[in-house]
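Structural description and commentary
Listed below, chain by chain, are the residues.
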Amino acid sequence: MNAEDLALEMAAARKRREEKTARQLKEARIYAIRSGLRPGSSRTEVEERARSFYPRLNEDLLNEAITFICGPSVPEPTEETPLSAQP
């Protein structure tokens with residue numbers, strides 16, 4: 001193994017480690033939010049709990065955790081979208 005191969009392998013290892021760390025942080029956030037909720041909590045309650053636990057967290061990461069706990073939100077029917085077009 002030469003120096004170039006070693007550098008490539010080290011870069012790949014760093015990338016794998018970063019991905020693993022990001023996944024573990026995401027799982028920890030989800031677990032912390034879930035532990036503070038009662039069964040059957042509404043999406044609003046989940047959002048309030050998540051924001052109280054992580055007030056300075058990036059909005060995208062916060063929404064990712066909320067969506068994982070609650071599932072994707074279904075848009076309300078509007079005048080522009082007929083009920084037959086709803087999933």
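Below you will find a few notes about this structure. (Residues numbered from 1 in each chain as written. Predicted model: local features only at pLDDT ≥ 70, side-chain atom pairs only at ≥ 80, totals over all residues. Heavy atoms only, no water.)

**Concerning the nonpolar core**
Grouped together as the largest cluster of nonpolar side chains are 9 residues: Ile30, Ile33, Leu37, Val46, Ala50, Leu62, Ala65, Ile66 and Ile69. Sequence-distant contacts of leucine 37, that is, excluding residues within four places in its chain, are made with Glu45, Val46, Arg49 and Ile69. (Core = buried A, V, L, I, M, F, W, Y, C linked by side-chain atoms within 4.5 Å. Buried < 20%, exposed > 50% of the residue type's maximum accessible area, 1.4 Å probe, protein only. Contact = heavy atoms within 4.5 Å.)

**Observations concerning the packing of aromatic side chains**
One pass over the full model with this rule turns up 1 aromatic pair. With a centroid separation of 6.5 Å and 70° between ring planes, the pair formed by phenylalanine 53 and tyrosine 54 is classed as edge-to-face. Relative accessible area serves as the criterion here: at 34%, phenylalanine 53 is assigned to the partly exposed category. (Phe/Tyr/Trp six-rings, centres within 6.5 Å; stacked < 30°, edge-to-face > 60°.)

**Quick word on helix H1 (residues 3-35)**
With 33 residues, H1 should reach 48 Å at 1.5 Å per residue; the first-to-last C-alpha distance of 47 Å fits that figure. Taken together, the buried residues of H1 touch helix H2 (43-53) and helix H3 (59-70). The N-cap residue of H1 is asparagine 2: its side-chain oxygen and the backbone nitrogen of glutamate 4 are 3.2 Å apart. (Helix = DSSP H or I, 4+ residues; strand = E, 2+ residues; numbered from the N terminus. Expected span 1.5 Å × (residues − 1). Polar contact = N/O pair within 3.5 Å; in protein donor to acceptor, adjacent residues only side chain to side chain.)

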